[in-house]
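A closer look at the structure
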Amino acid sequence: MATKSKLPINEIGMQNPKLYSRVRTIIETPFNWNNVHHVKSLAEAYELAKGAPGTIVTGLDVYNAEELGLPKDAKVLLFNDGKITGRQARLRRLVNDENRNKYADLLREVVFHTRKRKMYHAQVYVGLDKEFMIKAHLLVPEGYENTLYSWMLNFQAVDEEYSKVYQDSILLDEGDIYIFANPDLAPAEFPEGLALFDADHNSAAILGMRYFGEFKKGTLTLAWTIAERNGYTPCHGGQKRFNFEDGKQKVISVFGLSGSGKSTITLSNHDGKLSTTVLHDDAFIISNKDASSICLEQSYFDKTQDYPLTEPQSKYFVTIQNCGATLDSEGRVVPVTEDIQSGNGRTVKSRFAAMNREYRFSHPCDAIFWIMKDNSLPPVVKVNQPELASVMGATLATKRTTAEYVPGEDPNKLVIVPYANPFRLYPLEKDYLKFKQLFEERKIDCYIINTGFFLDKKIGPKTTLGLIEDIVTEKAKFEPFGPFSALEYYPIEGYLPDFTDRTYLEMVKARLLDRLNYVSELDDFNKLPEEALNAIKKVTEEI
């Protein structure tokens with residue numbers, strides 16, 4: 001099996017420090033309390049969530065419920081969290097050698113004050129191929145059965161089929177993931193909540209935080225960290241494969257924050273013009289050995305903003321969070337979506353939302369697209385130098401969405417989120433080097449897609465999807481991007497840059513300098529190699 005647990009007695013203790021460190025042991029211990037109920041199946045989790053106080057059992061049927069492992073008559077469940085309906089990256093803390101004992105003390109207190117609650121324990125597999133599978137455990141108190149149910153739906157619940165795959169999967173020198181949660185109890189030092197991660201020991205505690213995204217991304221954060229240690233590049237993005245009639249294939253990866261268009265690009269069927277197969281729209285890993293890819297999740301965690309109940313994709317809802325409810329003309333309880341009730345309504349959609357799915361692509365990744373919203377850039381720019389290609393991902397510029405809760409921040413502010421992944425638990429340099437290796441040694445092409453405005457003209461999804469179609473079918477003819485030796489662009493009518501316009505060139509230079517300043521000011525944990533700084537500096541000096 002892929003991760004280690006249930007070791008022989010002679011292997012338990014200090015001789016196995018990966019599995020028996022102080023913080024990890026504190027987190028794992030309450031999983032063995034006598035007040036813990038071990039949830040054995042997705043069907044059981046559904047019944048628990050259905051009966052939990054505050055659950056709304058809608059009149060909507062779960063599509064293909066039995067194939068998901070649910071009762072035939074299962075209904076879509078709705079549960080709301082309260083004020084906070086987005087991730088809070090600012091409340092994440094990492095355990096290190098300096099603070100280990102401090103956080104160990106804090107956790108022992110939190111665990112002690114949780115002991116009188118009835119607790120639920122569930123297990124899932126993260127990673128859906130025998131090349132990379134991890135077992136993860138979650139412990140939540142009574143009242144959060146909906147969180148547990150959505151978590152099991154989002155990943156792969158432990159069942160007979162996947163247990164066989166897991167038994168045959170590659171053994172990693174890693175322990176299972178353990179996550180302890182008490183959403184009702186925030187430590188005194190962290191009154192707004194705390195997401196605490198011991199990345200070296202595959203464990204976490206989520207305290208005083210209810211939003212399901214904290215549980216999903218907290219689990220993925222640890223899985224990505226394990227992947228990085230074992231020869232993979234962690235990817236918060238989407239990946240799809242184009243299948244051509246002559247037998248050729250093209251695999252593309254797209255990276256962007258929620259709302260950037262990565263799901264639209266990944267899940268689009270291109271109006272039937274091209275045959276595509278989806279890996280996933282949010283979480284996967286790329287092997288640095290051969291550029292193959294593995295999906296980490298089975299389901300989709302999607303915004304309901306664009307899904308009125310007349311939208312076909314609403315058919316695949318299984319659970320819903322932070323949406324309203326009303327009675328329809330038939331007397332059914334139905335959700336009120338489109339972010340009317342809150343700013344970040346969410347749904348776990350089943351795997352059937354994209355029928356053309358595979359969980360592993362053996363064909364190597366051919367292209368990586370950084371999705372940005374930067375009005376100095378035309379719809380697509382190609383980056384032809386590995387260091388620059390990687391550092392452009394490290395300075396991925398976009399606008400934050402309601403998926404990330406940042407009190408008081410201007411929602412229109414342009415922010416830089418390296419590799420569109422605000423969940424990283426290890427130094428940024430590791431991501432930079434992993435992506436650089438993909439560009440340099442695996443010969444993956446790099447593009448920047450602007451899905452915002454070019455100057456003052458909006459770039460619509462039709463334009464974006466069209467340019468991707470032209471790239472994968474090799475119809476796109478790139479030209480030099482003005483004076484920049486490592487950049488090219490694909491001329492698209494209506495979005496043509498004027499390189500004789502000094503004002504425009506200065507705008508491009510200013511945005512590049514923003515990236516240069518960002519890289520120059522990074523702290524020790526996020527510091528990039530000097531070559532990354534020089535790669536951007538060289539471009540700015542070419543004007």
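Structure: see above.
Here is a short report on the structure shown in this document. Throughout, a residue's number is its position along its own chain's written sequence, starting from 1. The predicted origin of the model limits local features to residues at a pLDDT of at least 70 and limits the giving and counting of side-chain atom pairs to 80 or more, whereas totals for whole chains, interfaces and linings rest on all residues. Note: side-chain values were computed over all heavy atoms of the structure, leaving out hydrogens and water.

Some remarks on the sheet that holds strand S11 (residues 232–235)
Stated precisely, the cut-off is as follows: By definition, two strands form a pair when at least two bridges between them are found by DSSP. We count a stretch as a helix when DSSP gives it H or I for four or more residues in a row; a strand needs E for two or more, and each element gets its number in order from the N terminus. By the convention used here, residues are in contact when the closest approach between their heavy atoms is within 4.5 Å. Helix axes are fitted to C-alpha atoms over the stretch in contact, other axes to C-alpha atoms as well, and angles between N-to-C directions run from 0 to 180 degrees.
Taken together, four strands build an open sheet; the order of strands is S11-S15-S16-S22 and the sheet is antiparallel. Strand pairing shows two members of the sheet lacking a second neighbour, S11 and strand S22 (360–361), which therefore form its edges. Along the sheet face, helix H6 (residues 212–229) touches S11 and strand S15 (284–287) and points at about 155° away from the line of S11. Its contacts with the sheet place helix H9 (residues 428–440) against S11 and S15, and it is angled at close to 110° to S11.

Some words on the sheet that holds strand S23 (residues 367–372)
Ordered in space as S14-S12-S13-S23-S27-S24-S31-S30, the eight strands form an open sheet in which the pairing is mixed. The sheet is open, and its two borders are formed by strand S14 (275–280) and strand S30 (479–481), each paired with just one other strand. On average, adjacent strands in this sheet sit at an angle of 30° to one another, irrespective of strand direction. For S23 and strand S27 (residues 445–450), the ladder comprises six bridges, and the chain directions are parallel. For Ala-367, the partnering residue across the bridge sits in S27 and is Asp-445.

A short note on the pairing of strand S8 (residues 177–182)
Threshold: Buried, partly exposed and exposed residues are distinguished by accessible area as a fraction of the type maximum, computed with a 1.4 Å probe on protein chains only: under 20%, between the cut-offs, and over 50%, respectively.
Buried residues dominate S8, accounting for six of its six residues. Burial along S8 is two-sided: the residues Ile-177, Ile-179 and Ala-181 and Tyr-178, Phe-180 and Asn-182 are all buried. Relative to S8, strand S6 (residues 132–141) runs parallel, the two being bridged by four bridges. Its bridge partner being in S8, His-137 is matched across the sheet by Tyr-178. Pairing of S8 with strand S10 (residues 203–207), which is carried by five bridges, proceeds in the parallel orientation. In the sheet register, Phe-180 faces S10, and the bridge partner there is Ala-205.

Some details on the nonpolar core
This is how the line gets drawn: Within this scheme, the nonpolar core is defined by two criteria: the residues are buried Ala, Val, Leu, Ile, Met, Phe, Trp, Tyr or Cys, and they are joined through side-chain atoms within 4.5 Å.
Ile-368, Phe-369, Trp-370, Leu-388, Phe-435, Ile-468 and Leu-528 are the most contacted members of the largest nonpolar core, which has 83 residues in total. If you tally residues by element for this core, the top one is S23, at six residues. Look past the residues within four positions of Leu-388 in its chain and what remains in contact with it is Val-383, Ala-486, Leu-487, Ala-535, Ile-536 and Val-539. Among the nonpolar cores identified, the runner-up in size contains 72 residues, and Val-39, Val-62, Leu-91 and Ala-204 belong to it.

Description of the pattern of salt bridges
When their charged atoms lie close together, side chains carrying opposite charge are able to pair. Selection rule: In the sections that follow, a salt bridge refers to a side-chain nitrogen of Lys or Arg positioned within 4 Å of a carboxyl oxygen of Asp or Glu.
Inspection of the entire model under this criterion finds 29 salt bridges. Here Asp-198 and Arg-100 are joined by a salt bridge, their closest N and O atoms 3.7 Å apart. Placement of Asp-198 in strand S9 (residues 194–198) and of Arg-100 in helix H3 (residues 100–112) is noted, with a sequence separation of 98 residues between them. Between Arg-332 and Asp-328 there is a salt bridge; the shortest N-O distance is 2.9 Å. For Asp-328, a relative accessible area of 22% gives the class partly exposed. Through salt bridges that share partners, Lys-4, Lys-18, Asp-173, Glu-174 and Arg-229 make up one connected network.

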